[in-house]
Every structure is written in structure tokens, then in C-alpha cells.
Amino acid sequence: MALSYGSMADSEATSTATRPRAFSGIQPTGTVHLGNYLGALRNWSRLQETTDGVYCLVDLHALSVPREPGEIQRATLEAAKDLISIGIDPQRSTLFVQSHVREHTELAWQMQCVAGFGELRRMTQFKDKSESSQFVSAALFTYPTLQAADILLYDTDIVPVGDDQRQHVEFTRDIATRFNSRFGDVLVIPEHRIPQAGARIMDLQHPENKMSKSAESPMGSVLLTDTEAQIEKKFKRAVTDTDSEVRYDPENKPGVSNLLAILAVATDGDPTTLAENYTQYGPLKTDAAAAVIELLRPIQNKRSELDDQTTVDLLNLGADKARDVAVPVMERVRDAVKLL
Ligand code: TRP
């Protein structure tokens, strides 16, 4: 390892220094499915080509709603395996667990001290989540301040997350700017970057909804860890419609169009053109299943090589790399706030 770094030192040193830093966080809850992969996560691994990628498994954010002891621990390990097997490279990028780097909670407190109560109350994710749950923790309310700390601790240039996170990134910019105007030029102001549009994969049983990991529709979503037989079965049972024309028309034929869309992203094709190859639903389902099996095969092979200990070791390496950046930034903040 040291040798190969050494031999690349000339070109690497300049390129990494000039690459913008991208920070992204994902909650470790449930197994990654095909919709997550083709929608967002595939872009994460591509992003490593052009940015200095920092990828954080935000286990403390996941704790903001009630969980059974041990649930997050298992989910975090599984999520780490998912990310590594889809191509996040723990050597080249920084992949780590939020709770392993204590500076996140420390900076979150500083952020709570500059964030306004009214500002937090306007967050739509808080409104949505608090309306649908009977217990609303204080952490759910201050969640955006921890997210801001995640981002700001790494002198992040860009935050490549979906539109649903735009408000949290705006909030981060606002409170970082406020902090700087009170305490000096300490924090780097990040920018939101909507990632290159991924595919919008729908539920196989309810094709009018996005594929999700909800337990109500286990046959509707394909997990990265599904066996060939499970994938074939899910596609065979996929909901289509009562006429029998194969045509890409998401509005009127959501089920069939979703199958075509999946086949298209898995084979780098075009759904409208692909439709011409089919006169019946059966062969389309078979081909879509086969294409997904092929698409997932290298990911599953890689996953099967990752045992728990190897994964933990890689996450420890990630936490070390994360601390190298986060500790000095936190020191800058402490110096600026001036506590005794
Ligand atoms: N709130 C984000 C979500 O629900 C997850 C997250 C936590 C995050 N910290 C982050 C995303 C920092 C981007 C940057 O998806």
C-alpha cells in the first residue's frame, strides 16, 4: 500500500489538494435496495472520481427516533458493507461512523447555540416526522444542528444530497455564516449540489410509489442482498396492468414502464427502444430480473468477501482519517469561541 502511494505521490498530491471536498451522510436503517442504489448511491461511488469524498454513517441521527438497543449497531455494520460493496473505496475516500468521531456532538452544541428556535421550528423534515410519531424527542428537533456539524467539521465544499435535504443545507449555510460573523472566519460555507439525476425506481407491487424499504411491501423492493431466486420471484409477481401492450408510458402504464426503466438502467439502454423488443409481459419480467441479477452480482460477490471484522477495521481506518480533519477544525472553533 505504502509503495503504491509513494509511486503515485507526484500526481496524487496535487490532484487531491485541488479536488473539492464532498460530504454526504446516510442513516443506517435497513438494507439498501435497488431504488437507493440506482437513485443515489451509484452516484456516490462515481463522485469519488472528481471529489475528495467523505461518507458518514449517521448513527446518532438514527437515534433521534426510538430504537431497540443493538438495532443501530447491526444496521450500521450492514450499511457499511453495502456502501463498500457498491464501490465506496475506504482507502481512497473516507467512510466512517458518526459516533466514532466525538467532535460531531461537540460542534453540534456550538451550532445549537447559534441556531434560532424559530428557524428549527420551520424545518419541514421535523414537521413531517413529528406529526407522524407519538414520541417526539428533543433530538429530532435539533437534528439539523447535528447535520450542520457533520458538514462543517470537514471544511466541506459541496453536499451532494437530494432535494429533500436542501432546507437542511441552507440552514447549515445560515448558521455557519452567523457563527463566522460572531467569531471570525472559522467555518467553510458549503454548497448544496443536487446530484446528477439517478433513476427513479418504483415499487414492484405499487408502481405509483417509489421503491422503499418499508415492511408493508416486501415483495415490492429488491434488496442488494436478495438471492437470484428471490429476485426472479419478485419480478415474476411484479404488478403490471390488464392490457398487454409493452410500451414506455409511466403515466398510464406505471408497472410496465418501471420494468422497462429498470431493464434500461441495468443494461445502459433506453426504455422506449427496449419496449420494441417485447410483445408480452412475461419475457420482459424475465429479462428485467436477469439484468438485475447481473447488475448485482459483482456487488454481492464483494459483499460476501466482507466479514464483520474486516468491515470494522475499515471503519476504524475511516474514523482515523475523519479525525485528522475534524480535530483541527474543532480546535479552530474552540479557539474562536474562547472558553477558559
Ligand atoms: N439528514 C440526512 C437524511 O435524512 C442524513 C444526513 C445527516 C446528512 N448528516 C448529513 C446528509 C450531512 C448530508 C450531509 O438523508
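Bear in mind that the values here come from a model prediction, so they are computed numbers and not experimental data.

## What about the packing of aromatic side chains?
Piece 1. By the definition in use, this model includes six aromatic pairs.
Piece 2. Considering the side-chain rings of Phe117 and Phe141, the 5.0 Å spacing of their centres and the 50 degrees angle between planes classify their relative orientation as tilted. You can see Phe117 sitting in helix H7 (residues 117-121) and its partner Phe141 sitting in helix H9 (residues 138-152), a full 24 residues away along the chain.
Piece 3. Phe141 sits in the buried class, given a relative accessible area of 14%.
Piece 4. By way of ring pairs, the aromatic residues Phe23, Phe96 and Tyr154 are connected into one cluster.

## Quick look at the site of the ligand
Piece 1. Inspection of the region around the ligand gives Phe23, Gly25, Val58, His61, Gln125, Tyr143, Gln147, Asp150, Ile151, Val159, Val161 and Gln165 as its neighbouring residues.
Piece 2. Here a nitrogen atom of the ligand sits 2.7 Å away from a polar atom, N or O, in the side chain of Asp150.
Piece 3. In this structure, Gln165 approaches the ligand through a side-chain N or O atom, which is 3.1 Å from a nitrogen atom.
Piece 4. Surface burial for the ligand is 89%, taken as the share of its 370 Å² of free accessible area covered by protein chains.
Piece 5. Put simply, the parts of the chain that give the shell around the ligand at least two residues each are strand E1 (21-26) and H9.
Piece 6. A per-element tally of the shell around the ligand places H9 first, with four residues.
Piece 7. Residues of the shell around the ligand, tallied by class, amount to six nonpolar, five polar and one charged.

## Overview of unusual backbone geometry
Piece 1. We note that Asp155 has phi near 45 degrees; this positive angle belongs to a residue other than glycine.
Piece 2. Relative to the assigned elements, Asp155 resides in the loop between H9 and strand E4 (158-159).
Piece 3. Backbone geometry at Asp268 places phi at a positive 60 degrees, although glycine is not the residue there.
Piece 4. Within the secondary structure, Asp268 sits in the loop between helix H12 (254-267) and helix H13 (271-275).
Piece 5. You can call Asp268 exposed: its relative accessible area is 74%.

## Concerning the pairing of strand E3 (residues 94-97)
Piece 1. Side chains Thr94 and Phe96 of E3 all project onto a buried face; the interleaved residues Leu95 and Val97 project onto the opposite face, where all are buried too.
Piece 2. The pairing of strand E2 (residues 52-57) with E3 spans four bridges and is classified as parallel. Opposite Val54, over in E3, you have Thr94 as the bridge partner.

Basis of the calculations
- Residues numbered from 1 in each chain as written.
- Predicted model: local features only at pLDDT ≥ 70, side-chain atom pairs only at ≥ 80, totals over all residues.
- Heavy atoms only, no water.
- Phe/Tyr/Trp six-rings, centres within 6.5 Å; stacked < 30°, edge-to-face > 60°.
- Helix = DSSP H or I, 4+ residues; strand = E, 2+ residues; numbered from the N terminus.
- Buried < 20%, exposed > 50% of the residue type's maximum accessible area, 1.4 Å probe, protein only.
- Near = heavy atom within 4 Å.
- Polar contact = N/O pair within 3.5 Å; in protein donor to acceptor, adjacent residues only side chain to side chain.
- Areas by Shrake-Rupley, 256 points an atom, 1.4 Å probe, with all protein chains shown as cover.
- Nonpolar A, V, L, I, M, F, W, Y, C, P; charged D, E, K, R; others polar.
- Pairing = 2+ DSSP bridges.

These figures come from the coordinates and say nothing about function on their own.
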